[in-house]
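Chain residues, written in single-letter form:
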2 protein chains.
Amino acid sequence: MFMDSNNKSISSLSEKSLIERIIKLSESKNSTLKDEYFNLIGDDCSVILFEDKYLITTSDMLIQKHHFPNEMSFYNMGFKAVTANVSDLASMGAKTLGILISIGLYKDLKLNEFDEIFKGILAGCDFYNIPLLGGDTNDADEIIITGTAIGYTDKKPMMKYGFNPGDLICLTGKVGFAALGFELLKREEYANNQSKQNNDIIDYSINKALNPIAKLKEGQILLDLNVKVATDITDGLGSELASLLESDKKYYLSNNQIDENSYSKGIRIYEEKLDISSDYLELSDKFGLDKLQMQLNIGEDFEILFIIPSKIKEFLTKQLDFKVIGEIIDKNTLEIVLSNGDLENLSTNGYDHFKC
Amino acid sequence: MFMDSNNKSISSLSEKSLIERIIKLSESKNSTLKDEYFNLIGDDCSVILFEDKYLITTSDMLIQKHHFPNEMSFYNMGFKAVTANVSDLASMGAKTLGILISIGLYKDLKLNEFDEIFKGILAGCDFYNIPLLGGDTNDADEIIITGTAIGYTDKKPMMKYGFNPGDLICLTGKVGFAALGFELLKREEYANNQSKQNNDIIDYSINKALNPIAKLKEGQILLDLNVKVATDITDGLGSELASLLESDKKYYLSNNQIDENSYSKGIRIYEEKLDISSDYLELSDKFGLDKLQMQLNIGEDFEILFIIPSKIKEFLTKQLDFKVIGEIIDKNTLEIVLSNGDLENLSTNGYDHFKC
């Protein structure tokens, strides 16, 4: 079934389905069967046991028309390319070793624009203390920045699997602000001179959209404190939660610890714990935006989503700023308790590049 | 001077000049000043001292219109993306740890074409025994494959610097065949059914162009045998030789071991040692192609170019198939002795993506 050479185009499948297709193709290959690679394709980063350390690597390709809003400066594009990759290291709790940047640029890009992109990249490298190791330059039809970040951990990194009913679902910060920022930028009155708005929530949201920051230190603290499960919010809270459930199920299935139908863990989150201010509600109402949709289905917040046993909550609170937004339940579902008390199933669709 | 925001486009500079621009921008940055990164931007790969090993990383972005001739199959595109990255590891003498592939694809690419690209990538991974660790997928206007290969060495890897007058310049194989292959593919009678030509040199050249192989084992053997200087031929023999001279000069300047004007090493190669068969000459004559230009200025051969003290030549000959093509001289020049005895300065221009 899988190998049939049908004539459908790749846009008929989601990005996730395409990745599953690659995983299936790779299953028969010798080069994917080594023990030391315990996390081949699927988590935020890959993990290689190397000497007595865990080598953590990740690669993200950012493409102008998808990842860089028109209002984003060249400097911010460069900085964001570093952030997107560092955020994956953060989600594993990794320390930084270096980053490679391969970049495609159109020929009539101005030299000062070229400089701005690299000033942004280098400022990002400085900010996260991750040296620019090298890369490649090419001419292309649009701006394309592929970063590959390399880091390491001294102990097993945080993965997407390994939680139990009763565990708490936590966030290092708020979600939905980048989404609001993107919406504001679509509107003429906010597209320019953003800092002159003198409105905290507007400035904050637009800044979250244009100059996101990865939670690198927070990730490292979490791993230090023996947190086992984490991911970063790039594709939207909804799809990241679904991805945690899937990874956990896959892990226990592949270790033959359960059969397909007996997987019974689920996630319940609470709308009111997503902690949105009245300012946010006011703005989203003004523009007819769906607050919950922005929080659940639009990504780019680069916060860390992590899961902890409830007994360490109090201890962790003293070390790190975070918010509990839900818990693991013993029913295989993904649901949200709305502010009005209603229970709803959560859509698992995050932002999807290939869907028409 | 460097920071002026002039309005020139990047196509006014060579790729090399753009990279020098990045290096200058990075010089003031904290994150580039760490001792353990002894090779920031410039060699084939970057090198990080990690535990008691040398971690070797490299990233290459391949873009359809530049790197994949029309006649190249989707399978071959995938395989070549792996080869291009592995070749950089080979040039350092590295053992493989893994590869990440980030890929941009147009939306109407067929699923069977998508499968073919990844079958090629996975076949490449198997061939070089380098596991596919992960990556990213995106939709883009053309096919773009960025690979990042990760490897390691137990001792200092082969670099582009550190040779002396009298040392021999060597090649693991012949150069100019990929170039001939590309030329043949432009001609209708060779563009299809290549294997039916039943002509060794035609098949060989076309195969070199469409399905190049990195000299991974050869690179590892060279490092094992304590060879210190190597690079791979991707941009053309002429520019790779120039790059060796430049790196060597830069290395000795940065270590304050010489002043700018006292650098007096040069390279002399010999046309007749480039070892071209009469078949090759016949074909290139038939199509009015400049044999030497193809050998010196067109890359993609993926052979390893290395430099050894003359005293180890005999020993090395027993372990590895290679050819001496010239030597290091004590005059700062880059020259070729033609078959007719004339001495000519070598053009340093390799293939250059951004030049109009």
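Residues numbered from 1 in each chain as written. Chains lettered and ligands numbered in written order. Predicted model: local features only at pLDDT ≥ 70, side-chain atom pairs only at ≥ 80, totals over all residues. Heavy atoms only, no water.

Participant: Teacher, can you tell me more about the pairing of strand β1 (residues 46-50) of chain A here?
Facilitator: When a strand is regular, its side chains alternate between the sheet's two faces. Most of β1 of chain A is tucked away, with four of its five residues classed as buried. In this antiparallel pair of consecutive strands, β1 of chain A and strand β2 (residues 53-63) of chain A, the connection spans two residues, and Glu51 of chain A shows a positive phi of 55°. (Buried < 20%, exposed > 50% of the residue type's maximum accessible area, 1.4 Å probe, protein only. Helix = DSSP H or I, 4+ residues; strand = E, 2+ residues; numbered from the N terminus. Pairing = 2+ DSSP bridges.)

Participant: Would you mind going over the nonpolar core with me for this structure?
Facilitator: Inside soluble globular proteins, nonpolar side chains tend to come together where they are buried. In this structure, Ile117, Ile121, Ile130, Ile143, Phe306, Ile308 and Leu316 of chain A are the most contacted members of the largest nonpolar core, which totals 81 residues. Looking at which element gives the most residues to this core, the answer is helix α3 (residues 74-92) of chain A, with ten residues. Grouped together as the second largest cluster of nonpolar side chains are 80 residues, Ala84, Ile121, Ile201 and Leu320 of chain B included. (Core = buried A, V, L, I, M, F, W, Y, C linked by side-chain atoms within 4.5 Å.)

Participant: Looking at this structure, how should I read unusual backbone geometry?
Facilitator: What you tend to see is this: most non-glycine residues have negative phi, and most peptide bonds are trans. Residue and element names in this part refer to chain A. Phi is positive for Glu51, which is not a glycine, with a value near 55°. The residue Glu51 is located in the loop between β1 and β2 in this model. Owing to a relative accessible area of 41%, Glu51 belongs among the partly exposed residues under this scheme. Here the phi dihedral of Glu300 falls at roughly 75°; this positive angle occurs in a residue that is not glycine.

Participant: Help me understand the relation of the copies chain B and chain A in this model?
Facilitator: Think of it as a corkscrew move, a rotation about one axis and a shift along it, taking one chain copy to the other. At an RMSD of 0.0 Å, chain B and chain A line up after a rotation of 180° and a shift of 0.0 Å along the axis. On the angle and the small slide along the axis, the relation comes out as a two-fold axis. Both copies share a contact surface, since 100% of the interface residues of chain B are interface residues in chain A too. (Least-squares fit on C-alpha atoms with pLDDT ≥ 70 in both. Contact = heavy atoms within 4.5 Å.)

Participant: What exactly am I supposed to notice about the interface of chain B and chain A here?
Facilitator: Note on interface size: it is often stated as the accessible area lost on association of the parts. Listed per partner, the contact involves 85 residues of chain B and 85 residues of chain A. Roughly 7500 Å² of surface becomes buried between chain B and chain A when both sides are summed, with 63% attributable to carbon and sulfur atoms. Notably, a salt bridge pairs Lys53 of chain B with Glu51 of chain A, separated by 3.8 Å at the nearest N-O pair. Across the chain B-chain A interface, the total number found is 24 residue pairs in polar contact (both at pLDDT 80 or more). Of all the secondary-structure elements, those providing two or more residues to the side of chain B that touches chain A are α1 (15-26), β1 (46-50), β2 (53-63), α2 (64-67), β3 (95-105), α4 (111-128), β4 (132-139) and β5 (144-153) of chain B. The biggest single contributor to the side of chain B that touches chain A is α4 of chain B, with ten residues. (Buried area = accessible area lost by both parts, 1.4 Å probe. Salt bridge = Lys/Arg side-chain N within 4 Å of Asp/Glu carboxyl O. Polar contact = N/O pair within 3.5 Å; in protein donor to acceptor, adjacent residues only side chain to side chain.)

Participant: Is there a simple way to think about the packing of helix α5 (residues 177-185) of chain A against helix α7 (residues 200-210) of chain A in this case?
Facilitator: Helix packing geometry: the angle between the two helix axes and the distance between the axes. All names here are of chain A. Where α5 contacts α7, the axes come no closer than 7 Å and their chain directions differ by 100°. Judged by the inter-axis angle, α5 sits roughly perpendicular to α7. Seen from α5, the contacting residues are Phe177, Ala178, Leu180, Gly181, Phe182, Leu184 and Leu185; seen from α7, they are Ile201, Ile202, Tyr204, Ser205, Ile206, Lys208, Ala209 and Leu210. Its residues placed into classes, the contact of α5 with α7 shows twelve nonpolar, two polar and one charged. (Axes fitted to C-alpha atoms, helices over the stretch in contact; angles between N-to-C directions. Parallel < 35°, antiparallel > 145°, perpendicular 65-115°, else oblique. Nonpolar A, V, L, I, M, F, W, Y, C, P; charged D, E, K, R; others polar.)

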